[in-house]
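Spelled out, the chains give:
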Amino acid sequence: MYPVKEKLNEVRQSLPEGVRLVAISKFHPEEYITAAYEEGQRVFGESHEQELARKVQSLPQDIEWHFIGHLQTNKVKYIVPYISMIEAVDSLKLLREIEKQAAKVNRVVRVLLELHIAEEATKYGLTLDACRQLLADGEWRQMSHVQICGLMMMASNVDDEAQISNEFQIAADFFDEVKRDYFPLDSHFCERSWGMSHDYHLAVLRGSTMVRVGTTIFGPRVY
Ligand SMILES: *Cc1c(COP(=O)(O)O)cnc(C)c1O
């Protein structure tokens, strides 16, 4: 078995105070999650609804699950009853569906808005302008079962550290803008979810409050 406990503790020790770790366990077996859990890790991230449902069934109830993948609106109803945070909200349509399903089960679901800043054309997420538009439109203010807690993004998958840092900085500046314009008095709006295995050390220098680390903790994924 991969040395999950050791790797988890290495990552934790490398994080400054105030940065939370979401252990990304997609495609890894339950026993790996249990190993991390035994070390005190409670926040895990998954990106597929069925895999998540299976793991929720068999693992401890006090795990906080984050949904980090692209979420189709027709899957929202399955995860809303137990999800702790939906990190990758990239449309008003998806936000509306979360509101609708969360109302049915009488929950308030915490979400992040996913930004598209990376150069890759295939990545999901809102452009900065689309995000401004969504917030300016104001419909979200009426959604009492959705709590917008911040922003999430993925940097380009490149080796150029200057480029990656620059993308994190764009996200950090945009967070400040949105905080000022829409959430100045809302203490819930505080999360900046950026940084993965290969770039989380750069992300924490650019204001990340939440890193999403998979491979470094659990090893290569087996698809
Ligand atoms: C898979 C995934 C991660 C973790 O990636 P690693 O490179 O394994 O650390 C982080 N964020 C998102 C959105 C992911 O899909």
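Residues numbered from 1 in each chain as written. Predicted model: local features only at pLDDT ≥ 70, side-chain atom pairs only at ≥ 80, totals over all residues. Heavy atoms only, no water.

Q: Give a detailed account of the overall build of the protein, specifying residues and quantitative values.
A: Looking only at helices and strands, one finds 9 helices and 8 strands in the protein. The C-alpha radius of gyration computed for the protein amounts to 17 Å, which stays within 12% of the reference 17 Å derived for 223 residues, consistent with globular compactness. Its C-alpha atoms put the protein at 50 × 45 × 30 Å along the principal axes. The buried share among the 223 residues of the protein stands at 52%. For the protein, restricting intrachain contacts to residue pairs at least 6 apart in sequence, the fraction spanning at least 24 positions comes to 61%. Element-wise, carbon and sulfur atoms account for 49% of the exposed surface of the protein, whose accessible area totals about 10,500 Å². Side-chain charges in the protein split into 25 positive and 33 negative, and the spacing between the mean points of these groups amounts to 5 Å. (Helix = DSSP H or I, 4+ residues; strand = E, 2+ residues; numbered from the N terminus. Rg over C-alpha atoms; globule rule 2.2 N^0.38 Å. Buried < 20%, exposed > 50% of the residue type's maximum accessible area, 1.4 Å probe, protein only. Contact = heavy atoms within 4.5 Å. Areas by Shrake-Rupley, 256 points an atom, 1.4 Å probe, with all protein chains shown as cover. Lys, Arg positive; Asp, Glu negative; His and termini not counted. Charge placed at Lys NZ, Arg CZ, Asp CG, Glu CD.)

Q: Please set out the site of the ligand residue by residue, giving values where relevant.
A: Taken together, Ile24, Lys26, Ile68, Met152, Met154, Met196, Ser197, Arg212, Val213, Gly214, Thr215 and Arg221 make up the full set of residues adjacent to the ligand. Between the ligand and Arg212 there is a distance of 2.9 Å, counted from a nitrogen atom to a side-chain nitrogen or oxygen. Within the backbone of Gly214, one N or O atom sits 2.8 Å away from an oxygen atom of the ligand. Expressed as a share of its isolated accessible area of 390 Å², the protein-covered part of the ligand is 90%. Here the shell around the ligand is composed, by residue class, of 6 nonpolar, 3 polar and 3 charged. (Near = heavy atom within 4 Å. Polar contact = N/O pair within 3.5 Å; in protein donor to acceptor, adjacent residues only side chain to side chain. Nonpolar A, V, L, I, M, F, W, Y, C, P; charged D, E, K, R; others polar.)

Q: Account for the nonpolar core, with residues named and values stated.
A: Counting 65 residues, the largest nonpolar core has Ile98 and Ile148 as the members making the most contacts within it. The dominant element in this core, judged by the number of residues it contributes, is helix H7 (residues 161–182), at 7 residues. The residues touching Ile148, leaving out its near neighbours within four places in the chain, are Leu95, Val111, Leu113, Leu135, Trp140, Phe183, His188 and Phe189. (Core = buried A, V, L, I, M, F, W, Y, C linked by side-chain atoms within 4.5 Å.)

Q: Would you mind going over the packing of helix H1 (residues 4–14) against helix H2 (residues 30–38) in detail, with residue names and values included?
A: For any two helices packed against each other, the geometry comes down to the angle between their axes and how far apart the axes lie. Their axes nearest at 9 Å, the elements H1 and H2 cross at an angle of 50°. Considered as vectors, H1 and H2 are oriented oblique to each other. At the point where H1 passes H2, the crossing takes the right-handed sense. Between H1 and H2, the contacting residues are Val4, Lys5 and Leu8 on the first element and Tyr32, Ala35, Ala36 and Glu38 on the second. Class assignment for the residues of the contact of H1 with H2 results in 5 nonpolar, no polar and 2 charged. (Axes fitted to C-alpha atoms, helices over the stretch in contact; angles between N-to-C directions. Parallel < 35°, antiparallel > 145°, perpendicular 65-115°, else oblique. Left-handed = near helix turned anticlockwise from the far one by under 90°.)

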